[in-house]
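For reference, the chains in residue letters:
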Amino acid sequence: MIPAQFDYIAPSSVEEAIRALAEHGDDAKVLAGGQSLLPILRMRLNAPGVVIDLGRIGELQGITEEGDTLVIGAMTTYAAVLASEAVGTHAALLSKAIQTVADPQIRHRGTIGGALVHADPAGDVGAPALALGAEFVIAGPGGSSRTVAGDDFFEDLFTTAVGEGELLTHIRVPKHTGWGAHYEKFVRVSHQWSIVGIAATVRSEGGSIAEARVGLTNMGSTPLRAKAVEEALVGKPATDEAVRAAVASVAEGTNPPSDLNGDSDYRKHLATVLTRRAVLAAAGA
Amino acid sequence: MTITDDRTDTTAPELEIGKARRRKEDQRLITGRTRWTDNIQLPGMLHLAMVRSPFAHATITAINTAEAKAAPGVIDVVTGEDIKDVQGVNANAWPITADQVTPTHLPVAVERVACAGEIVAVVVARSAAAARDAAELVDVDYDELPAVLDLKEAAADTVLAHPDLGTNKSAFWKLDSAEAGTGGDVDAAIAKAREDGVVIEREFRQQRLIPAFMEPRSVVVDPTGEQMVVWSATQIPHILRFLIAATMGIPESKVRVIAPDVGGGFGGKLQTTPEEFATIAVARRLGKPCKYTETRSESLLSGHHGRDQWQKLTLSAEKDGTVTGLKVELLADMGAYIAIVGGGVPVLGAWMFNSIYKFPAYQFNCQTVLTNKTWVDAYRGAGRPEATFGIERMMDELAAELGRDPLEVREQNWIRHEEFPFTTVAGMTYDSGNYEAATAKAKELFGYDELRAEQKRRRESNDPVQLGIGVSTFTEMCGLAPSRILGQLNYGAGGWEHASIRMLATGKVEVVTGVSPHGQGHETAWSQIVADRLGVPFEDVEVLHGDTQTSPRGLDTYGSRSLVVGAEAVVRAADRVIDKAKVFAAHLLEASEDDLEFKAGRFGVKGTDKGIGIAEIALATFAAHNLPDGAEPSIDADATFDPDNFSFPHGTHLCAMEVDTETGATTMRKYVCVDDIGTIINPLIVEGQVHGGLVQGIAQALWEGAEYDEQGTLVTGSFVDYTLPTAADTISFVTDHTTSPSTTNTLGTKGVGEAGTIASTPAVVNAIVDAVRPLGVDDIVMPCTPERVWKAIQAGHPVSHEGERDAAPHFDEATPNQDPGAGSPSTTTEGSDQ
Ligand SMILES: Cc1cc2nc3c(=O)[nH]c(=O)nc-3n(C[C@H](O)[C@H](O)[C@H](O)COP(=O)(O)OP(=O)(O)OC[C@H]3O[C@@H](n4cnc5c(N)ncnc54)[C@H](O)[C@@H]3O)c2cc1C
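Residues numbered from 1 in each chain as written. Chains lettered and ligands numbered in written order. Predicted model: local features only at pLDDT ≥ 70, side-chain atom pairs only at ≥ 80, totals over all residues. Heavy atoms only, no water.

1. Remarks on the overall build of chain B
A count of helical and extended segments in chain B gives 22 helices and 28 strands. By the compact-globule yardstick of 28 Å for 834 residues, chain B fits well, its C-alpha radius of gyration being 28 Å. Viewed in the frame of its principal axes, chain B has a C-alpha envelope of about 85 × 75 × 50 Å. Residues classed as buried in chain B amount to 63% of the 834 residues present. (Helix = DSSP H or I, 4+ residues; strand = E, 2+ residues; numbered from the N terminus. Rg over C-alpha atoms; globule rule 2.2 N^0.38 Å. Buried < 20%, exposed > 50% of the residue type's maximum accessible area, 1.4 Å probe, protein only.)

2. Digging into the pattern of salt bridges
The tally for this structure, following the rule as stated, stands at 77 salt bridges over all chains. Notably, a salt bridge pairs A:R276 with A:D240, separated by 3.5 Å at the nearest N-O pair. Taken together, the residues span a long stretch of sequence, with A:R276 in helix α12 (residues 264-282) and A:D240 in helix α11 (residues 240-247) at a distance of 36 residues. A salt bridge links B:K174 to B:E179; the nearest nitrogen and oxygen atoms lie 3.8 Å apart. Among the charged side chains, a salt-bridge network with shared partners connects A:D240, A:R244, A:R276, A:R277, B:D660 and B:E662. (Salt bridge = Lys/Arg side-chain N within 4 Å of Asp/Glu carboxyl O.)

3. Some remarks on the sheet that holds strand β2 (residues 28-31) of chain A
Residue and element names in this part refer to chain A. Read from one edge of the open sheet, three strands run β1-β3-β2, paired in parallel fashion. Whereas interior strands pair on both sides, the edge strands pair on one side only; in this sheet they are β1 (7-9) and β2. Strand after strand, the sheet turns through a mean of 25° between neighbouring axes, direction not considered. Where β2 lies against strand β3 (residues 50-53), four bridges are found, and the strand directions are parallel. Paired with K29 across the strands is V51, a residue of β3. Where helix α1 (residues 14-24) meets the sheet, its contacts fall on β1, β2 and β3, and the angle it forms with β3 comes to roughly 170°. (Pairing = 2+ DSSP bridges. Axes fitted to C-alpha atoms, helices over the stretch in contact; angles between N-to-C directions. Contact = heavy atoms within 4.5 Å.)

4. Some points on the nonpolar core
Residue and element names in this part refer to chain B. The biggest cluster of nonpolar side chains holds 110 residues, and the ones touching the most others in it are L315, W351, F364, Y671 and V764. Among the elements that take part in this core, helix α21 (residues 755-772) stands out by supplying eight residues, more than any other. Sequence-distant contacts of F364, that is, excluding residues within four places in its chain, are made with W173, K174, L175, V328, L330, P346, V347, G349, A350 and F353. Judged by nonpolar contacts, the second largest core, of 45 residues, contains A569, I614, A639 and I681. (Core = buried A, V, L, I, M, F, W, Y, C linked by side-chain atoms within 4.5 Å.)

5. Let's talk about the side chain of B:Q207
Residues and elements named next belong to chain B. Following the sequence through the fold, Q207 ends up in strand β8 (residues 197-209). Residue classification places Q207 among the buried residues on the basis of a relative accessible area of 4%. A polar atom in the side chain of Q207 sits 2.8 Å from the backbone oxygen of Q700. Those residues in contact with Q207 that sit more than four places away from it in its chain are G306, R307, D308, Q700, E704, G705, M782 and P783. (Polar contact = N/O pair within 3.5 Å; in protein donor to acceptor, adjacent residues only side chain to side chain.)

6. Regarding α11(A)
Residue and element names in this part refer to chain A. Every buried residue belonging to α11 is among A242, V243, A246 and V247, and all of these are buried. Here the buried residues of α11 occupy an arc of 115° about the axis, which is enough to place them on one side. Turned more than 90 degrees off the buried face of α11, the exposed positions are E241 and A245. Turning to α11, the residues buried within the fold contact β13 (208-217), α10 (227-233) and α12. (Arc of directions from axis to C-beta.)

7. Remarks on the pairing of strand β12 (residues 290-293) of chain B
All names here are of chain B. Summarising the sheet, strand β1 (residues 46-52) and β12 pair through two bridges and their orientation is parallel. Bridge pairing in β12 places L46 opposite C290. Relative to β12, strand β9 (residues 218-222) runs antiparallel, the two being bridged by four bridges. Bridge assignment links V219 to a residue of β12, and that residue is Y292.

8. Thoughts on the site of the ligand
Residues and elements named next belong to chain A. Taken together, 28 residues form the shell around the ligand, and within it V30, G34, L37, Y78 and T111 come nearest. Within the backbone of S36, an N or O atom sits 2.8 Å from an oxygen atom of the ligand. Contact distances for the ligand include 3.2 Å between an oxygen atom and a backbone N or O atom of A102. Protein contacts shield 90% of the accessible area of the ligand, which totals 980 Å² for the unbound molecule. The element contributing the most residues to the shell around the ligand is helix α7 (residues 112-118), with four residues. Considered class by class, the residues forming the shell around the ligand number 15 nonpolar, ten polar and three charged. (Near = heavy atom within 4 Å. Areas by Shrake-Rupley, 256 points an atom, 1.4 Å probe, with all protein chains shown as cover. Nonpolar A, V, L, I, M, F, W, Y, C, P; charged D, E, K, R; others polar.)

9. Considering the packing of helix α12 (residues 384-402) of chain B against helix α13 (residues 406-413) of chain B
Pairs of packed helices are described in terms of their axes, by the angle between the two and the distance that separates them. Residues and elements named next belong to chain B. Packing of α12 against α13 leaves a shortest axis separation of 8 Å and a crossing angle of 110°. Considering their axes alone, α12 and α13 lie roughly perpendicular with respect to each other. α13 is crossed by α12, and the crossing has right-handed handedness. The segment α12 lies against α13, with E392, M395, D396, L398, A399 and L402 engaging P406, V409, R410 and N413. Split by residue class, the contact of α12 with α13 holds six nonpolar, one polar and three charged. (Parallel < 35°, antiparallel > 145°, perpendicular 65-115°, else oblique. Left-handed = near helix turned anticlockwise from the far one by under 90°.)

10. Regarding the interface of chain A and chain B
Taken together, the contacts link 26 residues of chain A with 36 residues of chain B. Here chain A meets chain B over a buried area of about 2,400 Å², counting both sides, of which 58% is carbon and sulfur. If you sort the residues of chain A by the area they bury against chain B, A:R44, A:R188 and A:L260 come out on top, with a joint share of 30%. Where chain A meets chain B, there are six salt bridges. (Buried area = accessible area lost by both parts, 1.4 Å probe.)

11. Describing the sheet that holds strand β12 (residues 196-205) of chain A
Residues and elements named next belong to chain A. Judged by pairing direction, the sheet is antiparallel, and its four strands sit side by side in the order β11-β12-β13-β14 without closing on themselves. Single-partner strands in this sheet number two, and they are β11 (180-186) and β14 (224-225). Bridge count for β13 against β14 is two bridges, and the pairing is antiparallel. Within β14, the residue paired with L216 across the bridge is L224.

Here is the structure:
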């Protein structure tokens, strides 16, 4: 399909990109990997006059370690995150989730920042980012920069704390070294978005769960973190029975969608089964 | 030189037939560096974009084209009104009854649209992008009309898809074995079984599918020459040419249609489309070459859909499992119009529901119905998958009711191999087959007994993951078709096929075939056949097709007909070449024709080492210096073949499915099929056809389904929602063959293009149902999504002991006999009666 006509700008720094955003206002759209934006343009669901390509901004790419934190540039592709030993070691949950995203072609173009700002509730990176307690670095006009906690980042369907004229520049992920991790993605065909996805990462101590973090994909209009379940899991043995009891209420208070893949109640049921499986797998049981 | 038998064998060239040759057409098809219609660029060519109705049913009250006409690059904006006298119609070529109700299908709607996606205006511009941009500027006013979407509601005639027709019921078609004299009275058989036998009553849903071929449809029209040239991504160039002439008032001799390389069809390009006719009308109006290529979204919405039936089935049997009767009552959704063979597709089921079983009494009833949805027509298997699904599900239900093994109950009832040729209760004569052999081989490859043992263990241990085994022992009729039978059925054309062989002076061979491949590999298979027949190298054979100028006679590719009908014409043309060449050989060798034998491309004089190759004869006739008296200097030949009968491939398919009872997720564990498709020309092509076919059939069982919302908007309008599987979703299939050569063509071939699709759907659903039957489930609506499987389990009443079941439920008039939990998701209109 053919998108409507637009002008194309490819700035080489964050500062330049922010200036371009200020100049064109809501007539501009930022382009990262294009794996969500281009289908939108091609289906003519949106027709910006200007597209600002972040692909040439080196400072937005790559993964560095700052003490107990991994810093991932927004323009780092899924493939680059998967290839990163640091992520595999200190934030295994992120790798596990990203392995399930789409297919290799899309993982070579799509970026972690693009996925997070796009904020599709069925997307697979939001829940692990929340579970890992990630923080989001947002740049604004005049060289300003602010850091937003996970709980405040996802606001609604396709809506985040990144405002008009702002860019997500980095994701700061606290290291979870030595934590077991599992992402349980439920789909009908392999290239599908999650019907439900469960991100779980667990620190085990002597056969018991010392700490657990659980994020939910597509169980509401934003990714969710299941804090009550996390607490209920503390100190429990990593057995089917104990985990089953601790996660039983995981769907309480959630409001998942109903569509061709399943209605809301079915998703709630799935979340309960899948959380048990994800936690047990993360705990190595 | 004495020629011994031994020596003949060692010097004989290796036979091409049976060789797993890689396809000669693949390099160009796979790389795309070939003549796809959309690759064609003509000087001064204009581009079209279609403006389509967003409404399922509406009156067009005004179309304002001024703004679009003023947009940059736009040449014209054409409405239905502008071309109403020259646009022709999309014809129905198979009225199944004399009084069939057939709405007029205009390529571009003039007053009213009857489904979403119907074309209401055509934008013509210098580039495809400009046309697309301007299409957004065409302002159409509609008055919405009530739309009828649900098939059963449509059959009740409360809301009309076409108010002027007064009914949604298009045609009613019936075959009754008692009336036809081919069997007994089915109602009597059922009544008797209610007294002292077993009656199984089920209602199954054949969901609507979308053919989803790889290459979107595309058409280029050049009206500038004496003959208008139409390139189209079609399966049916010859039929398209005929229908352009017949409905647009253009002499047939002024039309040339070319199907260049075509990227798949699966029946979805067995159509003359509104897009083709609109493009022709616009190109002729402007006197300029025009191109239209659809987007994928347009393809899913506006290419014809497939299947879409409710099947109400009643099977009667004696207590020992011997079947006594089968009654079929179909409601078939035609969508908004009766497409080219739309009404005929479900009717093909008439000869297939009885399948391989010896039903003494049979009745088939089919009511075709109009709705405000995309029109429905042939999709891989066309009528036969629907029927096979129905009967194979019923045979499993019968076995379950009797508490017996489903293969055993089938064997008790099927035609034994010594009974062929066998005339069925539907009046078809099956030429050959061996169901015992195919089943024995399949069982062994499958490890049937071991898997049954594992199933038992899982049941006993209440494993959350249950195992089910599904059976499908199918047959199909293919090789459309004996012209006489088609005539009796009121089909608009014959079923013959044509071929020409041209022997070139340089020894190369051109084979012109009337069938029109679109990915099947005919160029390779036909080359193998001709190489063997004429004794020429495989590489020297060129197969030409799909252009009405080079291939003036043909009836194209569908219904697994190309090999069994089309290649048989090629064989006959080759035999005529040999006959003609023999006269020249005798003359040149100064021998009597009776002393010549043709072997491996050479005419030899028996008992001598004298001989002449067919290529030399071709050169001699080209030079024409030394001819027998009165001979025409040509050994080229034509043949037209009209089969006496269909061919009847069959096979045994066994499928093992694991069902996660906690989530409803299903996983294929093993799939074995042993198909009998007669003589195999190229095993690699056959393997490809079987694998692809299986995936499409499995996809109906598990993944695919076209869904509309209450407004009549196609919800599954992109591949995000129309969940087409990929290689990542399937397992490696075990495929094998038994061979009972067909007796209806000299090669002994049967069709294979549709076999996998026809057979696999019921095997998969039977396996899923078998896995959860102890949990009280006896049906799951397709596609068997995890949600539907899980809900069916939730709604089921677990059966504690095998054999101890409630009495079989009987039909409650007007309500489907579905398990309450097996319904569709609430957001869809399908199954809204649940
Ligand atoms: C066929 C297919 C299958 C897919 N399957 C999955 C799946 O299974 N799971 C899954 O999670 N995802 C899936 N995706 C989506 C994929 O992950 C996208 O890549 C991702 O959602 C967007 O990342 P991107 O880099 O391509 O962003 P883009 O498409 O370029 O941008 C997305 C949006 O974010 C904005 N944006 C991008 N970067 C920034 C920034 N730094 N600051 C501010 N705004 C920004 C853009 O303006 C745009 O609105 C699939 C996509 C496709 C095409």
